[in-house]
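# Architecture at a glance
Each chain is listed here by its residues.
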Amino acid sequence: MIPSLIAVLILGLTAWGILTVIGAEKPWLQMVALGRAALQLGLLSVVLRWVVADLRLTVLFLCLMTGVAVVTAHRRAPSSLARPGPIAVALAAGWVAPVLVIVALGAVPISDTSKVLAMSGIVIGNSMTATSLLMRNLASRLTLGADQYLAWLALGATPRQAARPAVREAVSMSVMPATDQARTTGLVTLPGAFVGALFAGSSALEAARFQILVLAAILCANALTALVLTRFLGAPTTLLSDGQFTTRASAPAPAH
């Protein structure tokens with residue numbers, strides 16, 4: 001235990017020091033994140049035995065995880081796109097649908113609550129990351145491409161049609177990490193679900209089967225999340241730059 005604690009402190013302080021020298025914003029957040037992770041995992045290890053013993057508690061715990069993911073993604077969202085309703089719907093739809101498919105087909109039995117919880121937690125986390133990336137990239141591309149957006153509107157395009165190039169690029173960027181993870185699994189990385197299943201006593205083949213299910217669920221969840229979010233946020237009526245201006249072609253943008 002003591003060697004592990006020392007290793008975590010050394011690595012965390014090293015990250016803090018490097019980011020401080022580079023001039024990154026809030027480099028101390030690295031240590032805060034590690035402290036929170038240790039506390040949260042400690043609490044999880046205490047309550048997990050009761051959670052996985054009852055399907056109803058498992059569902060409630062997943063709802064709690066989804067709520068925390070929504071709050072986190074909302075905080076990371078640019079102010080112009082920070083709408084909790086669409087974020088909540090997108091995240092919930094994103095992870096619930098693929099997990100239900102896997103459970104309904106019997107690939108992971110509903111009675112195996114530990115695997116359902118593990119798989120769902122991984123998918124929720126990845127969907128949260130994809131959501132944050134999508135909203136940040138969408139806001140950035142709409143702002144940088146404001147002139148092009150307004151030009152399309154002037155030509156008679158609808159807001160959704162005018163925003164389509166920005167939406168396409170933002171979605172591509174948001175799903176890229178999960179796509180790269182799937183492409184390099186077994187070559188560059190040993191994913192957590194695979195290693196965890198091995199540590200739990202599963203055979204390598206069974207661990208691989210579970211990991212593939214998780215990867216497929218992540219890819220599907222990210223796509224569904226992107227679909228729902230862009231449906232809500234992919235047709236803006238205002239854009240934010242140095243100031244706010246309307247997207248109506250007939251109304252001139254205010255001088256900056």
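Quick summary incoming for the structure in this document. (Residues numbered from 1 in each chain as written. Predicted model: local features only at pLDDT ≥ 70, side-chain atom pairs only at ≥ 80, totals over all residues. Heavy atoms only, no water.)

Regarding its fold elements, the protein presents nine helices and two strands. Counting every position in the protein, which comprises 256 residues, the buried fraction comes to 31%. Taking the intrachain contacts of the protein between residues at least 6 apart in sequence as the baseline, contacts between residues at least 24 apart amount to 68%. Roughly 14,900 Å² of accessible area belongs to the protein as shown, and the carbon and sulfur atoms make up 69% of that amount. (Helix = DSSP H or I, 4+ residues; strand = E, 2+ residues; numbered from the N terminus. Buried < 20%, exposed > 50% of the residue type's maximum accessible area, 1.4 Å probe, protein only. Contact = heavy atoms within 4.5 Å. Areas by Shrake-Rupley, 256 points an atom, 1.4 Å probe, with all protein chains shown as cover.)

It is worth spelling out the packing of helix α4 (residues 84-104) against helix α9 (residues 204-233) at this point. Where α4 meets α9, the closest approach of the two axes is 8 Å, and the angle between their N-to-C directions is 150°. The angle between the axes of α4 and α9 places the two elements in the roughly antiparallel class. Note that α4 runs across α9; the crossing there is right-handed. In this structure, α4 uses Pro86, Ile87, Val89, Ala90, Ala93, Gly94, Trp95, Ala97, Pro98 and Ile102 to contact α9, whose residues at the interface are Leu213, Ala217, Cys220, Ala221, Leu224, Thr225, Val228, Leu229 and Phe232. Here the residues of the contact of α4 with α9 sort into 17 nonpolar, two polar and no charged. (Axes fitted to C-alpha atoms, helices over the stretch in contact; angles between N-to-C directions. Parallel < 35°, antiparallel > 145°, perpendicular 65-115°, else oblique. Left-handed = near helix turned anticlockwise from the far one by under 90°. Nonpolar A, V, L, I, M, F, W, Y, C, P; charged D, E, K, R; others polar.)

Owing to its 3.6 residues per turn, the α-helix aligns residues three or four sequence positions apart on the same side. If you check helix α3 (residues 55-76), its first and last C-alpha atoms are 32 Å apart, about what 22 residues at 1.5 Å a residue would give, namely 32 Å. Residues Thr58, Phe61, Leu62, Thr66, Ala69, Val70 and Ala73 constitute the buried set of α3. Where α3 is buried, its residues meet α2 (29-51), α4 and α5 (113-144). With a side-chain oxygen lying 2.8 Å from the backbone nitrogen of Arg56, the N-terminal cap of α3 falls on Asp54. (Expected span 1.5 Å × (residues − 1). Polar contact = N/O pair within 3.5 Å; in protein donor to acceptor, adjacent residues only side chain to side chain.)

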